[in-house]
Amino acid sequence: MKVIAGYLLAVLGGNSSPSAADIKNILASVGAEADDERIELLLSQVKGKDVTELIAAGREKMASVPAGDGAVAAVAAAPAGGGAAPPAETKKEEKVEEKEESDEDMVSGLFD
């Protein structure tokens, strides 16, 4: 992850094609160690590609990744064991609405 961050920082700094030395210098400036193998792997994978297009492609892939209640639904749908007791009743939590303080209350004594 730090190698990718170093690469992107170099690109943001105006270097459209950072070298391994550029990435190492960026990582060294913040005290991080550079892994030569990972740097070379990254550079080989992004060679000749536009960073903007890579980010757009990554966003498309992330959009298809499920996020949320998938694990909870899977656990809830799992059948109970043979002699297991019936599930306990769930308590509904009452939502307590707290009165929010207005900005006027916060600064009323500030200029008195």
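Thresholds, definitions, all that
Residues numbered from 1 in each chain as written. Predicted model: local features only at pLDDT ≥ 70, side-chain atom pairs only at ≥ 80, totals over all residues. Heavy atoms only, no water. Salt bridge = Lys/Arg side-chain N within 4 Å of Asp/Glu carboxyl O. Helix = DSSP H or I, 4+ residues; strand = E, 2+ residues; numbered from the N terminus. Buried < 20%, exposed > 50% of the residue type's maximum accessible area, 1.4 Å probe, protein only. Patch = residues over 30% accessible without salt bridge, like charges linked within 9 Å, V, L, I, M, F, W, Y side chains within 5 Å. Areas by Shrake-Rupley, 256 points an atom, 1.4 Å probe, with all protein chains shown as cover. Arc of directions from axis to C-beta. Contact = heavy atoms within 4.5 Å. Core = buried A, V, L, I, M, F, W, Y, C linked by side-chain atoms within 4.5 Å. Axes fitted to C-alpha atoms, helices over the stretch in contact; angles between N-to-C directions. Parallel < 35°, antiparallel > 145°, perpendicular 65-115°, else oblique. Left-handed = near helix turned anticlockwise from the far one by under 90°. pLDDT = per-residue confidence, 0-100.

**Considerations on the pattern of salt bridges**
Applying the stated rule across the entire model yields 2 salt bridges. Among the salt bridges present, the one from Asp36 reaches Lys24, with a minimum N-O distance of 2.7 Å. Here Lys24 lies in helix 2 (residues 20-29) and Asp36 lies in helix 3 (residues 36-46), a separation of 12 residues in the sequence. By relative accessible area, Asp36 is classed as partly exposed at 41%. Take Lys24: its relative accessible area is 32%, and that puts it in the partly exposed class. For Asp35, the salt bridge identified is with Arg38, shortest N-O distance 3.3 Å. Asp35 gets classed as partly exposed once you look at its relative accessible area, which sits at 33%.

**Notes on a nonpolar patch on the surface**
A surface patch of nonpolar side chains, about 400 Å² in accessible area, is lined by Met1, Ile4, Leu8 and Ile55. Take Leu8: it is sitting in helix 1 (residues 2-12).

**Let's talk about helix 2**
Turning to helix 2, its buried residues are Ala20, Ile23 and Leu27. Buried residues of helix 2, seen end-on, are gathered within an arc of 65° and therefore sit on one face of the element. Those residues of helix 2 that are exposed and angled more than 90 degrees off the buried face are Asn25, Ala28 and Ser29. Those residues of helix 2 that are buried lie in contact with helix 1 and helix 3.

**Comments concerning the nonpolar core**
Listed in full, the 10 residues of the largest apolar core are Val3, Tyr7, Ala20, Ile23, Leu27, Ile39, Leu42, Leu43, Val46 and Val51. Contributing elements (two or more residues each) for this core: helix 1, helix 2 and helix 3. Tallying contributions element by element places helix 3 first for this core, with 4 residues. When neighbours within four sequence positions are excluded, Tyr7 is seen to be in contact with Ser16, Pro18, Ile23, Leu42, Leu43, Val46 and Val51.

**Regarding the packing of helix 1 against helix 3**
Running from N to C, helix 1 and helix 3 cross one another at 55°; their axes reach a closest spacing of 10 Å. Relative to helix 3, helix 1 is oriented oblique. In this structure, helix 1 meets helix 3 at a crossing whose hand is right-handed. Here Val3, Ile4 and Tyr7 of helix 1 lie close against helix 3, whose contacting residues are Arg38, Ile39, Leu42, Leu43 and Val46.

**Focus on the confidence of the model for the protein**
Mean pLDDT for the protein: 77, with 61% of residues reaching 70 or above. Here helix 6 (residues 103-107) stands out as the least confident element of the protein, with mean pLDDT 52; helix 2 is the most confident, with 95.

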